[in-house]
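# Architecture and fold: a report
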Amino acid sequence: MPSDTELTLTPPAYLYQDARRFLRFLRVAAQKHSVTVTVSISTAGTFRLSIPANQSAGLDAFLQEITFQHGLYYYLCAASNRRDVARLIVKPIIEGLLHSQYDVAYPVQIQKHLLEGTPDWAGGAFLEGTAQQYEILLQKHKLKMITPYEFVRDLDDLLTEFMLQQLEHPKGQQSPKFNVLVGMCGQKDVLRTKEARKLFNRVHSLRTKGLHRLEREIPDSEVTEIAQEVYYLFQWLDDYWRAQDEKTVLLSGRKYRRIRYGKEPIPKGAPIDFRTLWEELITRPCGDCGVIQGELHLDGCDLERCPRCGGQFMCCECRLTQDDLRNAE
Ligand SMILES: [Zn+2]
Ligand SMILES: [Zn+2]
């Protein structure tokens, strides 16, 4: 039996009214998809959100719509304290809801979408070739131009092509089996999470089953779920490549080298425990954006340090000044 989706949120006191307003918005918007969001508030100022397990399909449809129609972005445009509301209220809630439904999603992607209204699903958002092709395939699926099986078949081809490209496999030479390719991509850090590798193999096994005509009836809901997870994966990869290309940043008219994950200066006089803890921490991927030691954080990552002031790059003054300048233009 799947369990109910339960989330809690304790916003800072100055955002209490904003949290109430957002949850009211969420409750009303979810009703359109027959999803009942129950919200209670404790005297300590903790909001508790609950959605019955049997409404999972509706919740799925609701999350897709609200993300793809840019509902949250427009909601935030109208909010005062936009960045704080996005970071401390909307992001944790939407992140929690997405995690209850899908495997592959890094928090930083949600934040980026919220603040910039990235034109997801509208097409043309991705830079990389395979990712772009995937967007087209996805549109065909959404518009029901192809059957679920055809989607799986074309996706399987696309993923194979993608892996061969990433592994720089010479054209014309016999290629390794699909699951071997997945393993190789894992070792090369292209498919760095277990979830990503599982997802690729899941697509392939559905395709293989479909080779026997009788098993071509793949439920629409299953394909939609896979489509969504593959989308997140390509989105992450696209952001990842983009971030690695942006080695410098312009702040107050000066160019700075961005600080790589794991290369952050440790504050002078920091206790020895801090150093040990830190060194242990950076052996794992960045908790917000998923990069590993020595790589550049994805745009909007909570953990990136500012090369100018050493503060949190996401919200330090240096960056604000830059935004202000841009607005004034
Ligand atoms: Zn990061
Ligand atoms: Zn700064």
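You'll find the structure just up there.
Here the structure is a predicted model, which is why all the values come from computation and not from measurement.

### Overview of the packing of helix 7 (residues 148-166) against helix 9 (residues 194-210)
At a closest axis distance of 9 Å, the pairing of helix 7 and helix 9 adopts a crossing angle of 125 degrees. Taken together, the axis directions place helix 7 and helix 9 in an arrangement best described as oblique. For the element pair helix 7 and helix 9, the recorded crossing hand is left-handed. On the side of helix 7, the interface is formed by Y149, V152, R153, L155, D156 and L159, while helix 9 contributes F200, V203, H204, L206, R207 and G210. Within the contact of helix 7 with helix 9, the residues separate by chemical class into 7 nonpolar, 2 polar and 3 charged.

### Side note on the environment of T224
Secondary-structure assignment places T224 in helix 10 (residues 220-245). Expressed as a C-alpha distance, the spacing of T224 and L138, which sit 86 residues apart in the sequence, is 9.3 Å.

### Focus on the sheet that holds strand 1 (residues 5-9)
Read across the open sheet, the 3 strands follow the order 1-3-2; overall the sheet is antiparallel. The outermost strands of the open sheet, each flanked by one partner alone, are strand 1 and strand 2 (38-41). Taking each pair of neighbouring strands and ignoring which way they run, the sheet shows an average axis angle of 15 degrees. The sheet contact formed by strand 1 and strand 3 (residues 47-51) spans 5 bridges and is antiparallel. In the strand pairing of strand 3, T8 is matched with R48. Packing against the sheet, helix 1 (residues 16-31) makes contact with strand 1, strand 2 and strand 3, and its axis sits at approximately 10 degrees to strand 3. Docked against the sheet, helix 4 (residues 82-101) engages strand 1 and strand 3, running at close to 160 degrees with respect to strand 1.

### Some points on the nonpolar core
Residues L155, F200, V203, V230 and L233 are the most contacted members of the largest nonpolar core, which totals 36 residues. For this core, the element with the most residues is helix 10, which contributes 11 residues. When residues are assigned to domains, this core turns out to be shared by domain 2 (129-244) and domain 3 (247-328), each giving three or more. Core analysis: the next-biggest nonpolar cluster, separate from the first, contains 23 residues, L63, I66, A86 and I93 among them.

### As for helix 9
Given a rise of 1.5 Å per residue, 17 residues ought to cover 24 Å, and the 24 Å separating the end C-alpha atoms of helix 9 matches this to within 8%. Along helix 9, the residues that are buried comprise A196, L199, F200, V203, H204, L206 and R207. Buried residues in helix 9, looked at end-on, bunch into an arc of 155 degrees, giving them a common side. Taken together, the buried residues of helix 9 touch helix 7, helix 8 (178-187) and helix 10.

### A closer look at the pairing of strand 3
Note: strand 2 against strand 3, 4 bridges, orientation antiparallel. Paired with I41 across the bridge in strand 3 is F47. Connecting strand 2 to the next strand, strand 3, in antiparallel fashion are 5 residues, including G45 with a positive phi near 85 degrees.

Quick notes on the rules
- Residues numbered from 1 in each chain as written.
- Chains lettered and ligands numbered in written order.
- Predicted model: local features only at pLDDT ≥ 70, side-chain atom pairs only at ≥ 80, totals over all residues.
- Axes fitted to C-alpha atoms, helices over the stretch in contact; angles between N-to-C directions.
- Helix = DSSP H or I, 4+ residues; strand = E, 2+ residues; numbered from the N terminus.
- Parallel < 35°, antiparallel > 145°, perpendicular 65-115°, else oblique.
- Left-handed = near helix turned anticlockwise from the far one by under 90°.
- Contact = placed C-beta atoms within 7 Å.
- Nonpolar A, V, L, I, M, F, W, Y, C, P; charged D, E, K, R; others polar.
- Pairing = 2+ DSSP bridges.
- Core = buried A, V, L, I, M, F, W, Y, C linked by C-beta atoms within 7 Å.
- Buried ≥ 20, exposed ≤ 12 C-beta atoms within 10 Å, placed from the backbone.
- Domains from an automatic or database assignment.
- Expected span 1.5 Å × (residues − 1).
- Arc of directions from axis to C-beta.

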